Amino acid sequence: MAFVSNFYSSSSTTTLKSDKHLTRTTRSLSTSTISSISRFFHKDSISFFPIRLNNIKPNQSVAKEVSSELSKIGSGVHLEKKGLEKDSEVLWQRYVDWLYQHKDLGLYIDVSRVGFTEEFCEEMEPRFQKAFKAMEDLEKGAIANPDEGRMVGHYWLRDPLRAPNSSLRLKIESTNESICKFADDVISGKISSPAGRFTQILSVGIGGSALGPQFVAEALAPDNPPLKIRFIDNTDPAGIDHQIAQLGPELATTLVIVISKSGGTPETRNGLLEVQKAFREAGLNFSKQGVAITQENSLLDNTARIERWVARFPMFDWVGGRTSEMSAVGLLPAALQGINIREMLAGAKLMDEANRSTVKNNPAALLALCWYWASDGVGSKDMVVLPYKDSLLLFSRYLQQLVMESLGKEFDLDGNRVNQGLSVYGNKGSTDQHAYIQQLRDGVHNFFVTFIEVLRDRPPGHDWELEPGVTCGDYLFGMLQGTRSALYSNDRESITVTVQEVTPRSVGALIALYERAVGIYASIVNINAYHQPGVEAGKKAAGEVLALQKRVLSVLNAASCKDPVEPLTLEEVADRCHSPEQIEMIYKIIAHMAANDRAIIAEGSCGSPRSIKVFLGECIVEDMYD
């Protein structure tokens, strides 16, 4: 691999150098930021070599806070970057040297178009050894989520023998057996609705309880599945109404799967209540068609048990939502659609085994290595995911949650503010060729690409030539390879993940690949991949908005019960709510209620907030808003 050390050529720009032989290209530092950094360090610990300031604009943005940047500078990782190698012979040799192949899975990973150097790999080796030890401890049952004091055990789901004790192993195995038996009984008609054989699935869940099942359904469901699936994955009333309306009379033969780990997720609870209302209005008994997937003894579990729903399946405390696809969350909906879940588990297990190897022979480690190099270890570039297969359309959405919720962290494990993360977006090829590839090729260089390639176009014997020597799939292949080449010619780096075909085994392997890559990357940048304090902060803030809305309704109700009715200005509402500092939010609450005929604007308009006077359309004598 000697050639790799010279993979970059030409001159560098702004460079910082420490006494540990650290060099790091910093591409968007303002003059003031450089000054701040120089003041932060003692002169003996870091020195500044000549910096070319003529290319730095006064208002140029800094990718990360100075504190975040400084926390990485002492890491001893060499990240000096120059122009990408373009010599075809060198690139071919690099491709051959670094191509990863998993023969049993029919999976390949090409990292040759990412410009990491041999020196960089050597300097990263201690971090990877630490990450591998952390993953090993995690699989043995260590507390990998220190904030919540929980084990992280999604790897046990596809290999129960690795569970740290026999009790967990038996729970996993019995759950999987129960899922298979239940699905078989539903498909065969042994378990049915009062109106007959089940024909539809309505899955109610959000986040990891929806994104994984949606991706797998899109990727693997047969053209005519035994049960077709729909999702309620939000608390949008119109979206819920649409899904229920689409079922029509088949609501009577719809199996409703409600997925919530805690049993108290507001969006899922709202979806459940809306569906139950639809059942009542249709004269149906929801309990005869409801299935719960939740943690044992949760509110949802107890409700399902008391009301005698059709079935209940466990969500384990040690499995997070975004890594729950191989649990009942993903396996039950898949099995009901006729998808071979044992093959999904087998593919994931094989991938996990491959990911316990050394860096060069470890596909997840190769991805983590490339992510670190491409994003400077601080998320300075986005990850664009381009699957060139319609059935993998939702893979980028699935990875958005898996990657961004896992890696988007304000603090590292030592309490330093680092604002880590990788932004993920994507659609599908070659649709993207007619959408945003133009910007990727010629626009702002703030990304790296992951191509997902599928070699098999159609089942054997079904392909045909549109013109001599060229099939429809050949065009798709040409678009992928052409886009990869066009991007690289303009110094845009890319990874290519290739599978032979889209099968339960290859999809299980892809899920496991990225789950492990996220865990390894989190370890090498020293963050906790298994909690989500930002999500909890958002939920708390939403709760505060709803609490304020109840106070607003109480104030408006009191004014509406007067004779005559007393329309109130925004200032008066805020004052009577004892929340003058929340007047903007109160305005937004009133505007939303007025748009939904729950409040009446007596004077003015919402376009001129200070002009409005508002009251409720009716007086509720018993104040239900207290």
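First things first, this report covers the structure right here in the doc.

Reading the values: rules and limits
- Residues numbered from 1 in each chain as written.
- Predicted model: local features only at pLDDT ≥ 70, side-chain atom pairs only at ≥ 80, totals over all residues.
- Heavy atoms only, no water.
- Helix = DSSP H or I, 4+ residues; strand = E, 2+ residues; numbered from the N terminus.
- Expected span 1.5 Å × (residues − 1).
- Buried < 20%, exposed > 50% of the residue type's maximum accessible area, 1.4 Å probe, protein only.
- Arc of directions from axis to C-beta.
- Contact = heavy atoms within 4.5 Å.
- Salt bridge = Lys/Arg side-chain N within 4 Å of Asp/Glu carboxyl O.
- Pairing = 2+ DSSP bridges.
- 1 Å grid on protein atoms, 1.4 Å probe; cavity = no way out; pocket = protein on both sides within 12 Å on 5 of 7 lines; lining within 4 Å.
- Points joined across faces, edges and corners; volume = space filled by probe spheres on them.
- Nonpolar A, V, L, I, M, F, W, Y, C, P; charged D, E, K, R; others polar.
- Domains from an automatic or database assignment.

Below, the discussion takes up helix α8 (residues 266-281). Three- or four-residue spacings in an α-helix give side chains the same orientation, since the helix completes a turn every 3.6 residues. Taking 1.5 Å per residue as the helical rise, α8 with its 16 residues ought to reach 22 Å, and the 23 Å between its terminal C-alpha atoms agrees with that figure. T268, G271, L272, V275, Q276, A278 and F279 are the residues of α8 that are buried. Looking down the long axis of α8, one finds its buried residues gathered within 155° of arc, a one-sided arrangement. Within α8, the exposed residues directed more than 90 degrees away from the buried face are R280 and E281. Packed against the buried residues of α8 are β8 (200-204), β9 (228-232), α7 (237-247), β10 (254-259) and α9 (299-306). The positive-phi residue at the C-terminal boundary of α8 is G283, with phi of around 70°.

A full pass over the atoms with the stated rule returns 28 salt bridges. When the shortest N-O distance is used, the salt bridge between K428 and D390 registers 3.2 Å. Taken together, the residues span a long stretch of sequence, with K428 in the loop between β14 (424-426) and α14 (437-442) and D390 in the loop between β13 (382-387) and α13 (395-407) at a distance of 38 residues. The exposure class assigned to K428 is buried, which follows from its relative accessible area of 18%. Taking the shortest distance from any N to any O, the salt bridge between R417 and E410 comes out at 2.1 Å. Taking relative accessible area as the criterion, R417 reaches 36% and is therefore assigned partly exposed.

What follows is about the side chain of S494. One can find S494 in strand β18 (residues 494-499). Discounting residues that sit within four places of it in the chain, S494 has contacts with D110, R113, V114, V449, F451 and R484.

The subject of this paragraph is the sheet that holds strand β20 (residues 600-603). Read across the open sheet, the three strands follow the order β19-β21-β20; overall the sheet is antiparallel. Looking along the sheet, the strands with just one partner apiece sit at the ends: β19 (568-569) and β20. Across three bridges, β20 lies against strand β21 (residues 613-615) in antiparallel orientation. Paired with E603 across the two strands is K613, which belongs to β21.

A probe matching the size of a water molecule, rolled over the atoms, marks out where space remains unfilled. Here the largest pocket is characterised by a volume of approximately 1200 Å³. Lining the largest pocket we find 29 residues, and of these N270, L546, Q549, H592 and R598 sit closest to its centre. Those elements that place two or more of their residues in the lining of the largest pocket are α7, α8, α17 (533-560) and α19 (583-595). When grouped by side-chain class, the residues that make up the lining of the largest pocket number 15 nonpolar, six polar and eight charged. Here the lining of the largest pocket spans two domains, and each of domain 2 (154-339) and domain 3 (534-615) adds at least three residues to it.

Any link to function would need more than the numbers given here.
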